[in-house]
Amino acid sequence: MSRYSEMLKSIINSCRSRIEEIDADIEMIKANRSYSREYIDTRISDYNVQKKNAYNNHNKLLSEAHSDYLERLQQSIENISGNNVNTADLALLDNKYIKIPQKEFDVLANRHKGNVIMLNALSNYAAENGLSMPVPYLNYEQKKKLAYDYCCQCAGYLTCSGLQWALIESSNYFNEISEQLSE
């Protein structure tokens, strides 16, 4: 899982834990019959302020994690060099006389998994020749947009129920997004 996904997931879990603690305290206050109604209402109001602060703090952490990801993404773009170009494979892609079938293209693309330069060339070749990319590839702008959408979606997870979160967390969602957002 990418560092970004791990950070977002950790922030969500931290917030959800804090909210569960506050909710448990609220239930304990409500259940205690010896407290006056005024005291209970005051305590619940205080707890609701704590919950609001927890949401705000964790939303701020999500925003910081997003900014951190964008900085690392920018650095990865700045570090691109021709050293990652496989000239033999690139010549295959630029050859007017050879059309690569999907099965062979899949092997070629998998060989360059993680190599942004070659995946870019392969992605262009696939688009021009009606082939599908067997390896997830997003360019810089697509990664920025996906990271933003992902962060916004994670902010919504701060308020979902425990069962909903358990279903989301047990799905393959974080792993799928994580693979696409590698720097």
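Everything discussed here concerns the structure shown above.
This is a predicted model, so every value here is computed, not measured. (Residues numbered from 1 in each chain as written. Predicted model: local features only at pLDDT ≥ 70, side-chain atom pairs only at ≥ 80, totals over all residues. Heavy atoms only, no water.)

Our next topic: the nonpolar core. Within the largest apolar cluster, 26 residues are counted, with the highest numbers of intra-cluster contacts made by Y4, L8, Y150, C154, Y157, F174 and L181. Put simply, the parts of the chain that give this core at least two residues each are helix 1 (3-31), helix 2 (37-78), helix 6 (140-157), helix 7 (162-170) and helix 8 (173-180). In this view, Y157 contacts I12, R16, W165, I168, Y173 and F174; residues no more than four positions away in its chain are not counted. Core analysis: the next-biggest nonpolar cluster, separate from the first, contains 12 residues, L108, Y125, L131 and Y137 among them. (Core = buried A, V, L, I, M, F, W, Y, C linked by side-chain atoms within 4.5 Å. Buried < 20%, exposed > 50% of the residue type's maximum accessible area, 1.4 Å probe, protein only. Helix = DSSP H or I, 4+ residues; strand = E, 2+ residues; numbered from the N terminus. Contact = heavy atoms within 4.5 Å.)

Moving on, we come to the environment of G130. Structurally, the position occupied by G130 is in the loop between helix 5 (116-129) and helix 6. Sequence-wise, G130 and Y140 are 10 residues apart; in three dimensions their C-alpha atoms are separated by 22 Å.

Packing of helix 1 against helix 7 brings their axes to within 12 Å, and their N-to-C directions diverge by 160°. Relative to helix 7, the element helix 1 lies roughly antiparallel. Crossing angle aside, the handedness with which helix 1 passes helix 7 is left-handed. Packed against helix 1, whose contacting residues are K9, I12, N13 and R16, the element helix 7 presents G162, W165 and E169 at the interface. Among the residues forming the contact of helix 1 with helix 7, the class breakdown is 2 nonpolar, 2 polar and 3 charged. (Axes fitted to C-alpha atoms, helices over the stretch in contact; angles between N-to-C directions. Parallel < 35°, antiparallel > 145°, perpendicular 65-115°, else oblique. Left-handed = near helix turned anticlockwise from the far one by under 90°. Nonpolar A, V, L, I, M, F, W, Y, C, P; charged D, E, K, R; others polar.)

Let's shift gears to helix 8. Along helix 8, the positions that sit buried rather than exposed are Y173, F174, I177 and S178. Along the axis of helix 8, the buried residues cluster in a sector spanning 125°; they form a single face. Residues of helix 8 that are buried sit in contact with helix 1, helix 6 and helix 7. (Arc of directions from axis to C-beta.)

All quantities given are derived from atomic positions and should not be read as evidence of function.
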